[in-house]
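Per-entry structural report
Each chain is listed here by its residues.
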2 protein chains.
Amino acid sequence: MDHARNKLVELNKIEEKLKSLVEEKRYKEAMTLISVLNEVDIAELIDELDHKTGAIIYRMLPKDIQAEVFSYLGSDQQEEIIRSSTDVELVQILDEMYMDDMVDMIGEVEPDLVDRILKSSTAEDRKLINQFLKYPEDSAGALMTVEYVSLRRAMTVREAIDYIKAEGIDKKTIYILYVTDSSRHLEGIVSLRELLVSDYDKKIEELMNPDVIYLNTLDEAEEVTATFKKYGFEAIPVVDREGIIVGIITIDDILNLMEEMASADFQKMSAITPSEKPYLETSAFELAKNRIVWLLVLMVSATVTQKIINGYEDLIGSVAFLSGFIPMLMGAGGNSGSQSSILVIRGLATGDIITRDWLKVIWKEMKVSIICGIILAMVNYFKIIYFDKAPSTVALTVSLTVMGAVAVAKVLGGILPIAATKLKMDPAIMASPLITTIADASTLLIYFALASSIIGF
Amino acid sequence: MDHARNKLVELNKIEEKLKSLVEEKRYKEAMTLISVLNEVDIAELIDELDHKTGAIIYRMLPKDIQAEVFSYLGSDQQEEIIRSSTDVELVQILDEMYMDDMVDMIGEVEPDLVDRILKSSTAEDRKLINQFLKYPEDSAGALMTVEYVSLRRAMTVREAIDYIKAEGIDKKTIYILYVTDSSRHLEGIVSLRELLVSDYDKKIEELMNPDVIYLNTLDEAEEVTATFKKYGFEAIPVVDREGIIVGIITIDDILNLMEEMASADFQKMSAITPSEKPYLETSAFELAKNRIVWLLVLMVSATVTQKIINGYEDLIGSVAFLSGFIPMLMGAGGNSGSQSSILVIRGLATGDIITRDWLKVIWKEMKVSIICGIILAMVNYFKIIYFDKAPSTVALTVSLTVMGAVAVAKVLGGILPIAATKLKMDPAIMASPLITTIADASTLLIYFALASSIIGF
C-alpha cells in the first residue's frame, strides 16, 4: 500500500488515463487499470465515460464484481446497460441486486424499462417490489431491504454458524441475526460476535436479546435517522403491524438519507421548494420553478411594509433623512430573527428542543435580545451622533427602534417554529423569509411611532 | 416482543415510574425496571435523574453493563460518578472504555478530574490519550479509536478465527480485520464474512484485499464524512505518514459528526458563530456572544445603503411614494440571493459542485434570474397599476428594478461561495446576510438610477 498517495488526486489521474485508453480502444489495458479498484470507484469512473463506452467497459469487468458495480452506477448508465442487455443478462444483473437498490433503481429509470425489469424478475421479487413501491417515500418500509439472516431459537450456535456460512453469502449483513418463529414474528436478535465467542453447543435462545429495538414500516425518515443516531446500530429490523419482520435497514443507507434531509431543510429555510436533484443536473426552468413561489409570496406580503411606509409619507417627505435608516433597521430585525429561528428549527430537528420547552425558549430569547439590543443600540447611537452628525433625537429614535426590532424579531423567531411544530406543520418553513416579513412590519411600526413622538412631527 | 408499543411513549412511562420508585427509595424495583433495557436507554433514563441519585442507580447496575452505560452518560453525570468513585472503581471504569469515548470524556470534564483520570489510566493509555489530544478537533486522528483486530498475512483462516474469538471481546469491531506486518504497516483488509465462508486452511494473504481505503490522521472532518458516505463501510482504518495503522473510525460515530457539521453550517449561514452546545444548555450571554459580532458587522455595513438613500434625499422628498417600495425591492433581491447561495453552498458541501464549475453556475443563475425576474416584474407591474393605482412610470421603474435586483443577487449568490472556496475560505460565511448587504446596495442604486431617468426627476 502506498501510504503517501492522495486518494482524490489518484482517482483523477486514473480517470484521465482511462479516457485516453478508451479513446484508443485499448480496452484490455483499461480493464487492468481499473479492476483492482474498489467497486464504488469503478462505478464512479464508468459514470464519467459516455454511456455507450461505459456499457462496454462494464461488460468487460470480471463477473463477480459486475453486480456490485452496477448498484453504484448512476441511473442513466444503468438504463444504458439494461437497454443493451439480453433478457438472460438482465436476469443475472437483477438476481445479484439487493432489494433496496432495485427499488431505488426502479424509482429512477424510464417507465418502459420498469416493465422490462419487472418481467425479468422472479415472481417473488416482483411481488416484493410492488409492495415496497407502495410505502411512502423515505419511510422505513421504502428504505428497508429483505436480505437478512433469520435464525430459530432452538438452533445451537454451531447450527447457526453453519447456516450463516451456507446462506449468508447474498445477505446485506450477517453480523446481526434475527431470531423468528415459524410465522416470522421477531423474537430477538443476536450478533455474530456473540455467537463466535460462545460455547458452540449453546442454544440461540440462551444468547439472544429479546428486547429488540425496531422500526415500523410506516415510520418516517426523521424517526428512522433518530433511531440510528441514538443507538448507533449497524442494522435495525423493520416489522409490520403484526410484529412480523419484513426487512432490515442498514446504517450505510442512513448516511445518504441524513444528507438528503439536511439539504431539504437548508432549501426550505431559504424559501426554496426542496428537490433532491444535484444543482448542476437541475434545469434552469426547474430551479426557477422551485424558487418562484416563495419569491412571489414574499413580494406580495411586502405590500404590508409598503402600506406602512405610505402611511407615513408626510413624515418621510419632511424628514427624508429618516428613510436612510430603514434598510439598516430592517436588516437588524431580519437577521436577529433568522438567527433565533435557525437555532430553534435545528434544535427541533435534532431533538434538543421539544415543543414543551416553548416558555424556556421565549425567556432565553428575551434575555439574548436585551444583551444584543443594548450593544447594537449603543454602537448605533454613537455612530449617528459622531459619524452621521445627526441630531440626538434622530440617534435616540433609531437606537430605540433597533432595541425593539431585535426583541420582537428574536422572540418571534424563537417561538414561531415551535408553534408550527405544535400545529403539525414543518418548522423549517418558519425560517428567515417569513419571519423577516413579520419582523419588517413590526420594525417599521416601532420606527415611525417613535419618530413621530420623539422628533415630534 | 410487544409489537404495538411506541418506543418513545414507553420510555416516557418508564421514566415516570423510575422517578417515583427512586423517590420512595425502592431501588431494587427500579433496577428490575430498567436493567432489561438497551444500554443507551438506561443511560438516557439515568441522565434524567438528579446526579446523586443517578450515581446510586448506576452503581446498582449489573457490572457487565455498567461500562457501556457509562460511555453513553452525559458528561455531568460522568463527572459525578467519577467524583464519588474510589481509585479502584475508576480504574475499572476506564479499563472498559473505548479510547475514543475516553478522549471525548476528557475533553468535557473539569480539569481536576482529567488529572485523576490520567493518574488512574495505564501508562500505555496515558500515552495514547496525550497523543490523541494533540490531533486537531474532528480530524481523523481525533475521531479514531485503537480497539481494532489486526491479523498477519501468514495466518490461516482457522488461526485467524481462533485469534478473533480470543482477542475480539473488547474490540470496537471484529467484522473488519486489518492485516499488518510486524511493524504495523497496513497491508490489507479482510472481512469476517469472507473468513467464515472460506476454506479454513487458506492463508489470510490469499483472502485479503490489498487496495485498502484509508484515512490519514490529519484528514479533516469533511474528508472523513465524504469517505464514509462514498463507500458506506462499517469502519475505515487511519494511518500515519509512514503507513502505520494507528486506529480505526467506525460508522456509528460518523452519524453524530455529520449532524454536528450540518448544524455548524446552518449557524454560519444565519450569521451565528457555530457552537456545538445544545440551545437550551447555552446561556443567554453565550448565545448573545455568538450572534452579536455578525449583527454589528451587518449593521455597520448597512451604512452603505444608508448613504445611497441619503444621496437621493431630494428625490425621496418629492416622490415619497417611492420609498414605500424599498423594503419589497430589497426583500426580492435578498431572498433571491440567499436562495442561490444556499443551493451553491450546499452543493459545495456535498461535492455536487466543484470550483471548476463556476462558469456553469453563473450561466445557470443568469437563466434562472431571467425566468424569475420576468414573472416577478409582471406580477408587480399589474399590482402597482391596478392595486396601488400608481402611474405607469412608477410601475415600470419598480418592475425593472425587480428584474435587475434578482439578476444581480442571484449571480452574486451563486458565485461568491465558489470564490470563497477558491480563496480557501469557508463558503458558508458567504450566505444570506453578507450577500443580502451587497444585493441591497445594488438594488438601491438600480432603483434610484431608473427612477431618476424614467420618472424624470
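Structure shown above.
Model, not experiment: these values are computed from the prediction. Along each chain, residues carry numbers from 1 onward, in the same order as the chain's sequence is written. The order in which chains are written sets their letters, starting at A; the order in which ligands are written sets their numbers, starting at 1. Per-residue local features of the predicted model are confined to residues with pLDDT of at least 70, and side-chain atom pairs are confined, for both listing and counting, to 80 or more; whole-chain, interface and lining totals are unaffected and use all residues. The side-chain figures draw on all heavy atoms in the structure; neither hydrogens nor water molecules are used.

Section: the relation of the copies chain B and chain A
Quick note on the threshold: Superposing copies: least-squares fit, C-alpha atoms only, residues required to have pLDDT of at least 70 in both. Note on contacts: a residue pair is in contact if any heavy atoms of the two residues lie within 4.5 Å.
Of the transformation placing chain B onto chain A, the axial shift is 0.0 Å and the rotation is 180 degrees, giving an RMSD of 0.0 Å. Interpreted geometrically, this transformation is the action of a two-fold axis. Every residue of chain B has its C-alpha some distance from the rotation axis, and the shortest such distance is that of B:Gly317, at 2.2 Å. Of the interface residues in chain B, 100% have counterparts in chain A that sit at the interface too, so the contact is made through matching surfaces.

As for the interface of chain B and chain A
Put simply, the test is: Any Lys or Arg side-chain nitrogen located within 4 Å of an Asp or Glu carboxyl oxygen qualifies as a salt bridge. In protein, a polar contact requires one atom able to donate a hydrogen and another able to accept it; more generally it is a pair of N or O atoms within 3.5 Å, and residues adjacent in sequence count only if both atoms are side-chain atoms. Note that Gly is not counted as nonpolar here; it falls among the polar residues with everything else outside the nonpolar set of Ala, Val, Leu, Ile, Met, Phe, Trp, Tyr, Cys and Pro and the charged set of Asp, Glu, Lys and Arg.
The interface is formed by 129 residues belonging to chain B together with 131 residues belonging to chain A. Applying the counting rule to chain B against chain A returns 10 salt bridges. Of the charged contacts, one joins B:Glu365 and A:Arg291 as a salt bridge, the two residues approaching to 3.0 Å between their closest N and O atoms. The tally of links between chain B and chain A comes to 41 residue pairs in polar contact (both at pLDDT 80 or more). Its residues assigned to classes, the side of chain B that touches chain A comprises 68 nonpolar, 28 polar and 33 charged.

Here's the deal with the packing of aromatic side chains
Residue and element names in this part refer to chain B. Basically, it comes down to this: Pairs were defined over the aromatic rings of Phe, Tyr and Trp, the Trp ring being its six-membered one, requiring ring centres within 6.5 Å. Orientation was assigned from the angle between planes: stacked under 30 degrees, edge-to-face over 60, tilted for the rest. Partly exposed residues are those whose accessible area sits between 20% and 50% of the maximum for their type, while under 20% is buried and over 50% is exposed, using a 1.4 Å probe and protein chains only.
Applying the stated criterion across every chain, the model contains 18 aromatic pairs over all chains. Here the aromatic rings of Phe 132 and Tyr 135 are separated by 6.3 Å at their centres, their planes lie at 70 degrees, and the arrangement is edge-to-face. Each member of the pair Phe 132 and Tyr 135 is classed as buried. With a centroid separation of 6.1 Å and 10 degrees between ring planes, the pair formed by Phe 382 and Tyr 386 is classed as stacked.

What to know about the sheet that holds strand S2 (residues 176-180) of chain A
All names here are of chain A. This is how it is decided: Any two strands between which DSSP finds at least two bridges are classified as paired. In this description a helix means any DSSP run of H or I spanning at least four residues, a strand means any run of E spanning at least two, and both kinds are numbered starting from the N terminus.
What the three strands build is an open sheet, ordered S1-S2-S3; its pairing is mixed. The strands lining the two open edges of the sheet, one partner per strand, are strand S1 (150-151) and strand S3 (186-191). Both S2 and S3 contribute to a ladder of five bridges, which runs antiparallel. Bridging from a neighbouring strand, Leu 177 pairs with Val 190 of S3.

Here's the deal with the side chain of A:Ser85
Turning to its location among the elements, A:Ser85 is positioned in the loop between helix H6 (75-83) and helix H7 (87-96). Sequence-distant contacts of A:Ser85, that is, excluding residues within four places in its chain, are made with A:Arg59, A:Leu90, A:Ile93 and A:Arg116.

Brief notes about the pairing of strand S6 (residues 245-250) of chain A
A regular strand carries its side chains on alternate faces of the sheet. Residues and elements named next belong to chain A. Among the six residues of S6, six are classified as buried, and the element is accordingly described as predominantly covered. Bridge analysis of strand S5 (residues 235-239) against S6 gives five bridges, and the strand direction is antiparallel. Paired with Pro 237 across the strands is Ile 248, a residue of S6. Joining the antiparallel neighbours S5 and S6 is a turn of five residues, in which Gly 243 adopts a positive phi near 80 degrees.

Observations concerning helix H16 (residues 251-269) of chain B
One full turn of an α-helix is made of 3.6 residues, so residues set three or four places apart face in the same direction. What counts here: By this rule, a helix spans an expected 1.5 Å times one less than how many residues it contains.
Given a rise of 1.5 Å per residue, 19 residues ought to cover 27 Å, and the 27 Å separating the end C-alpha atoms of H16(B) matches this to within 8%. Count one or two residues on from H16(B) and you reach B:Ala271, which has phi positive near 60 degrees.

Re the nonpolar core
Here is the rule: We call a set of buried residues a nonpolar core when its members are Ala, Val, Leu, Ile, Met, Phe, Trp, Tyr or Cys and they connect through side-chain atoms within 4.5 Å of each other.
Counting residues in each nonpolar core, the largest one holds 122 residues, and the members touching the most others are A:Ile34, A:Ile249, B:Ile34 and B:Ile249. In contact with B:Ile249, other than residues within four places in its own chain, are B:Ala140, B:Leu143, B:Met144, B:Leu215, B:Val224, B:Phe228, B:Glu234, B:Ala235, B:Ile236, B:Val238 and B:Ile254. Grouped together as the second largest cluster of nonpolar side chains are 82 residues, A:Phe325, A:Ala451, B:Leu295 and B:Met299 included.

Some details on helix H22 (residues 392-422) of chain B
Taking 1.5 Å of rise per residue, the 31 residues of H22(B) would be expected to cover 45 Å, and the 45 Å separating its terminal C-alpha atoms lies within 8% of that figure. B:Lys424 occupies a position one or two residues after H22(B) and carries a positive phi of about 60 degrees.

Observations concerning unusual backbone geometry
Residues and elements named next belong to chain B. In this structure, Asp 138 is a non-glycine residue whose phi angle is positive, near 60 degrees. Within the secondary structure layout, Asp 138 lies in the loop between helix H10 (123-134) and helix H11 (140-143). Its identity as a non-glycine residue notwithstanding, Lys 424 has a phi of 60 degrees, on the positive side. Considering the arrangement of structural elements, one finds Lys 424 in the loop between H22 and helix H23 (432-456).

Thoughts on the sheet that holds strand S3 (residues 186-191) of chain B
With mixed pairing, three strands are arranged side by side in an open sheet as S1-S2-S3 (chain B). Edge positions in the open sheet fall to strand S1 (150-151) and S3 of chain B, since each of these has one partner strand only.

Here we look at the pattern of salt bridges
Enumeration according to the criterion identifies 44 salt bridges over all chains in this entry. Here A:Lys230 ties to B:Glu44 by a salt bridge, and the two come within 2.9 Å at their closest N and O atoms. Here the residue A:Lys230 occupies a position in helix H15 (residues 221-231), and B:Glu44 occupies one in helix H3 (residues 39-48), the pair thus bridging two chains. Note that B:Asp253 is salt-bridged to B:Lys172, the shortest N-O span being 3.0 Å. Here B:Asp253 is found in helix H16, whereas its partner B:Lys172 is found in the loop between helix H12 (157-167) and strand S2 (176-180), with 81 residues between them in sequence.

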